[in-house]
Amino acid sequence: MRPNKSDVLIAFKAISLTTDMSVTEKRVAATLLDHYNRDTGQCDPALNTIATLLGINRRTAIRATGSLERSGYFRIDRHGGKFHRNSYQPIWARFRACENGWAEKRKRAKQFRSAASELSPLQGCHIGGGDSATQTYANNQSDLTSASQQRQSQQAVSAIEEPAVKWLSKQSGSGRQYSNAQERFHGKRSCGDIARTAAERRWNEALTKQLASAPNVFAGVIEAIDSDLSHATTEVEMRQPGRGVEFLLVQLDRRKPLTNADV
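Conventions adopted
Residue numbers restart at each chain and count upward from 1, following the sequence in its written direction. This being a predicted model, a pLDDT of at least 70 is required before a residue's local features are given, and a value of 80 or more before pairs of side-chain atoms are given or counted; all residues contribute to the totals for chains, interfaces and linings. Computation of side-chain values: all heavy atoms of the structure, hydrogens and water removed. A run of H or I in DSSP counts as a helix once it spans at least four residues, and a run of E counts as a strand once it spans at least two, with each numbered from the N terminus. Think of it in three bands: residues with accessible area under 20% of the maximum for their type are buried, residues over 50% are exposed, and the middle band is partly exposed, with areas taken using a 1.4 Å probe on protein chains only. When checking whether two residues touch, look at their non-hydrogen atoms; a contact exists if any pair is within 4.5 Å. The accessible surface values rely on the Shrake-Rupley method and a 1.4 Å probe; as for residues, cover is taken only from the protein chains in view. The salt bridge criterion pairs a side-chain nitrogen of Lys or Arg with a carboxyl oxygen of Asp or Glu, the two atoms within 4 Å. Each pair of strands is called paired provided DSSP finds at least two bridges between the two strands. The definition of a polar contact used here is a pair of N or O atoms within 3.5 Å, where within protein one atom must be able to donate a hydrogen and the other to accept one, and adjacent residues in sequence count solely through side-chain atom pairs. For this analysis, a nonpolar core means a set of buried residues of the types Ala, Val, Leu, Ile, Met, Phe, Trp, Tyr and Cys, connected via side-chain atoms within 4.5 Å. Taken from the helix axis, the directions to the C-beta atoms give the arc we talk about. A score from 0 to 100, pLDDT tells how confident the predictor is in each residue. For Phe, Tyr and Trp, rings pair up if their centres lie within 6.5 Å, where Trp contributes its six-membered ring, and each pair is then called stacked (planes under 30 degrees apart), edge-to-face (over 60) or tilted (otherwise). For a lysine, the NZ atom is tested; for an arginine, the CZ atom; a charge sits over a ring if that atom is within 6 Å of the ring centre and within 35 degrees of the ring normal.

**Focus on the overall build of the protein**
Here is step 1 of the chain: Check the secondary structure of the protein and you find eleven helices and four strands.
Here is step 2 of the chain: The buried share among the 263 residues of the protein stands at 35%.
Here is step 3 of the chain: Of the contacts made within the protein by residues no fewer than 6 positions apart, 56% connect residues no fewer than 24 positions apart.
Here is step 4 of the chain: Just so you have it, the protein exposes about 15900 Å², and 51% of that area is on carbon and sulfur atoms.

**A few points about unusual backbone geometry**
Here is step 1 of the chain: One non-glycine residue with positive phi stands out, namely Phe-83, at about 55°.
Here is step 2 of the chain: With respect to the element layout, Phe-83 can be found in the loop between β1 (74–77) and β2 (87–90).
Here is step 3 of the chain: Residue classification places Phe-83 among the exposed residues on the basis of a relative accessible area of 65%.
Here is step 4 of the chain: For His-84, which is not glycine, the phi torsion reads 65° and is therefore positive.
Here is step 5 of the chain: Here His-84 shows up in the loop between β1 and β2.
Here is step 6 of the chain: With relative accessibility at 63%, the residue His-84 sits in the exposed group.

**Observations concerning the pattern of salt bridges**
Here is step 1 of the chain: Under the defined criterion, the tally for this structure stands at nine salt bridges.
Here is step 2 of the chain: Across the pair Asp-44 and Arg-85 runs a salt bridge, and its minimum N-O distance is 3.8 Å. You can see Asp-44 sitting in the loop between α2 (23–34) and α3 (47–54) and its partner Arg-85 sitting in the loop between β1 and β2, a full 41 residues away along the chain.
Here is step 3 of the chain: Between Glu-235 and Arg-196 there is a salt bridge, with its nearest N and O atoms 2.6 Å apart. Taken together, the residues span a long stretch of sequence, with Glu-235 in helix α10 (residues 227–239) and Arg-196 in helix α8 (residues 191–210) at a distance of 39 residues.
Here is step 4 of the chain: Take Arg-196: its relative accessible area is 30%, and that puts it in the partly exposed class.

**Structural notes on the pairing of β1**
Here is step 1 of the chain: Across the two faces of β1 the burial differs, with Phe-74 and Ile-76 buried and Arg-75 and Asp-77 not buried at all.
Here is step 2 of the chain: Bridging between β1 and β2 involves four bridges; their strand directions are antiparallel. By the bridge assignment, Phe-74 is partnered in β2 with Pro-90.

**Looking at the side chain of Asp-20**
Here is step 1 of the chain: Within the secondary structure layout, Asp-20 lies in the loop between α1 (7–17) and α2.
Here is step 2 of the chain: A polar contact of 3.1 Å, which involves the side chain of Asp-20, links it to the side chain of Tyr-73.

**A short note on the nonpolar core**
Soluble globular proteins tend to pack their nonpolar side chains together in the buried interior.
Here is step 1 of the chain: Within the largest apolar cluster, 26 residues are counted, with the highest numbers of intra-cluster contacts made by Val-28, Leu-32, Leu-68, Phe-74, Tyr-88, Trp-92 and Phe-95.
Here is step 2 of the chain: The residues contacting Phe-74, other than those within four sequence positions of it, are Ala-29, Leu-32, Leu-33, Leu-68, Glu-69, Tyr-88, Gln-89, Pro-90, Ile-91 and Phe-95.

**As for α3**
Here is step 1 of the chain: Within the span of α3, buried status applies to Leu-47, Ile-50, Ala-51 and Leu-54. Angularly, the buried residues of α3 cover 95° about the axis, an arc narrow enough to put them on a single face.
Here is step 2 of the chain: Contact partners of the buried residues in α3: α2, α4 (58–70), β2 and α9 (215–224).

**A word on the environment of Leu-32**
Here is step 1 of the chain: Within the secondary structure, Leu-32 is located in helix α2.
Here is step 2 of the chain: You can call Leu-32 buried: its relative accessible area is 0%.

**Here's the deal with the confidence of the model for the protein**
Here is step 1 of the chain: Mean pLDDT over the protein works out to 76, with 67% of the residues at or above the 70 mark.
Here is step 2 of the chain: Throughout residues 137–145 the model reports pLDDT below 50, and contacts reaching past four residues in sequence, or to other chains, amount to nine contacts.
Here is step 3 of the chain: Note that pLDDT drops below 50 for residues 171–187; the model gives that stretch 32 contacts with residues more than four away or on any other chain.

**Some remarks on the side chain of Glu-237**
Here is step 1 of the chain: Here Glu-237 shows up in helix α10.
Here is step 2 of the chain: At a separation of 2.8 Å, a polar atom in the side chain of Glu-237 contacts the side chain of Arg-202.
Here is step 3 of the chain: Dropping the residues within four chain positions of it, Glu-237 is found in contact with Ala-199, Arg-202, Trp-203, Gly-242, Arg-243, Gly-244 and Val-245.

**Concerning the packing of aromatic side chains**
Describing an aromatic ring pair means giving the distance of the ring centres and the angle of the ring planes.
Here is step 1 of the chain: All chains considered together, the criterion is met by four aromatic pairs.
Here is step 2 of the chain: Geometrically, the ring pair formed by Tyr-36 and Trp-92 is edge-to-face, given 5.3 Å between the ring centres and 75° between the ring planes. Within this pair, whereas Tyr-36 is found in the loop between α2 and α3, its partner Trp-92 is found in helix α5 (residues 92–118), the two being separated by 56 residues in sequence. We note that Tyr-36, like Trp-92, is buried.
Here is step 3 of the chain: Judged by centre distance (6.4 Å) and plane angle (50°), the ring pair of Trp-92 and Phe-95 falls under tilted. Taken together, the positions of Trp-92 and Phe-95, both in helix α5 and three residues apart, correspond to about one turn of that helix.
Here is step 4 of the chain: On the accessibility criterion, Trp-92 (6% relative accessible area) is buried.
Here is step 5 of the chain: Taken together, Tyr-36, Tyr-73, Phe-74, Trp-92 and Phe-95 form an aromatic cluster joined through their ring pairs.
Here is step 6 of the chain: Between Arg-94 and the ring centre of Tyr-73, over which it is positioned, the NZ or CZ distance is 4.3 Å.

Right, here's the structure in full:
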């Protein structure tokens, strides 16, 4: 099935926003889309080609493409491409559903912010000397209401995020949760492995959020991240939580400055 005109752009956007791909899987997915021929529907880059372009080993490329197939983003026709290479067909409906889920999440977040502003009128308060004044801070910070407001905020956040989680679970077919750690590792892991996985996820999500509005720049950044830089960024994030993405962008800027012209 040939894609619509906007499907390729939507697919890149979905890759940048989704949280059920590791950094390597995002890079491999972007590489597969880059090899997709809109006219012929052909997409059969060799695994060695993918590995060479991304600076990863062949086994890593195999694991990443297999994970993308299990997640429902690509269908793999093994030995069905040119020179008996694997053929990769993007599941456009999956990418569109991911983008629609994001749009719905933004809509609900906007509705929540609007409702919250309506439910938080300015209230009277007392100041020194016994005089009355109008409270100018939108949220009442008194001990009597702060706990109630926190519960309301938590319920509103759950109302936004839970539908997306349920949708991902339904799409999986096997009912598995989309957890990077569960997909890539099996059995008992050491504390060091858990910490490394958490650090990688943190800077990955921070990078995705920072470049969400510029998918072209994001694709270029993902393409530029090699295994050594990814490892170094994870090490920085483990030592200084929150500084990993800053380190990554500084290193990339030294190689090739990122400008608005790339957007």
